[in-house]
Amino acid sequence: MRPETRDLFEDRLDTTVGRVALAPGAVLLRGHALADAAQLVDGVEQIVARAPFRHLVTPGGFRMTVAMTNCGELGWVSDRSGYRYDRLDPESGQPWPAMPPTFRRFAARSAAAAGFEGFAPDACLINRYRPGAKLSLHRDADEPDGSQPIVSVSLGAPAIFLFGGAKRADKTLRVPLRHGDVVVWGGPSRRYFHGILPLKEGGSPVLGGERINLTFRKAA
Ligand code: SIN
Ligand code: FE2
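A brief look at the structure comes next. Since we're looking at a predicted model, the values are computed, not measured. (Residues numbered from 1 in each chain as written. Chains lettered and ligands numbered in written order. Predicted model: local features only at pLDDT ≥ 70, side-chain atom pairs only at ≥ 80, totals over all residues. Heavy atoms only, no water.)

1. Side note on the sheet that holds strand β3 (residues 67–72)
Alright, step 1. In spatial order, the strands read β1-β2-β11-β8-β13-β6-β3; together these seven strands make up an open sheet with antiparallel pairing. On the outer flanks of this sheet lie β1 (18–23) and β3, each paired with one strand and no other. On average, each strand axis in the sheet is inclined to that of its neighbour by 20°, with strand direction left out of account.
Alright, step 2. Both β3 and strand β6 (residues 123–129) contribute to a ladder of six bridges, which runs antiparallel. Residue pairing for β6: asparagine 70 is matched across the bridge by leucine 125. (Pairing = 2+ DSSP bridges. Helix = DSSP H or I, 4+ residues; strand = E, 2+ residues; numbered from the N terminus. Axes fitted to C-alpha atoms, helices over the stretch in contact; angles between N-to-C directions.)

Spelled out as structure tokens, the structure:
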């Protein structure tokens, strides 16, 4: 890419409205969740009352800095034995809280806006980042149906999202994500590497400086 093209692209990454193509099949929808944000935050509070945030342990034995919970028929979990989707919350032994219909509709609308019609998520992973929390470069590869996209909604404090390629060593874009932004990736970039840089202190008073991220998935 010629340097001037790259600069133009990076300016576009910093816009406050509109859409930015990140990779084939991957698009940033700036502010797409703003009108629904209050309802999404209310929904998260109700889910967390029944399935509290917890710091999962990786198969390698590390405690994740991001705290997680889920809603939907399936929830993503990690422990010493590996990563998987489970119908039950291992903390309570109960099914995960149901996915609110408003969440389901919002995810389907976002996917359609990115060109993926008919998205019907059965899992929503909810991540909570406090200052210092990060998510290392990884791929979302535990969902068997690679034809279905990931819909990711950012709420609260801003963060830098890394979006790479099919190989871990591929160059990553640094995408600033703010309250109300939505990223959808599917098709050719469905298994691309991505992550979140450590959350900064005092980033935003919205949600008391925390960042909440919802990722909607078709996991069965
Ligand atoms: C994820 O990769 O599951 C979450 C990404 C994010 O927090 O924006
Ligand atoms: Fe992910």
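2. Thoughts on the site of ligand 1
Alright, step 1. Close to ligand 1 lie Asn127, Tyr129, Leu135, His138, Ser152, His194, Ile196, Arg211, Asn213, Thr215 and Arg217, which account for all nearby residues.
Alright, step 2. Separating an oxygen atom of ligand 1 from a side-chain N or O atom of histidine 138 is a distance of 3.1 Å.
Alright, step 3. Between an oxygen atom of ligand 1 and a side-chain N or O atom of arginine 211, the distance comes to 2.9 Å.
Alright, step 4. Within the complex, the protein chains bury 99% of what would otherwise be the 260 Å² of accessible surface of ligand 1.
Alright, step 5. The set of elements that each furnish at least two residues to the shell around ligand 1 consists of β6, β7 (135–138), β12 (194–196) and β13 (211–217). (Near = heavy atom within 4 Å. Polar contact = N/O pair within 3.5 Å; in protein donor to acceptor, adjacent residues only side chain to side chain. Areas by Shrake-Rupley, 256 points an atom, 1.4 Å probe, with all protein chains shown as cover.)

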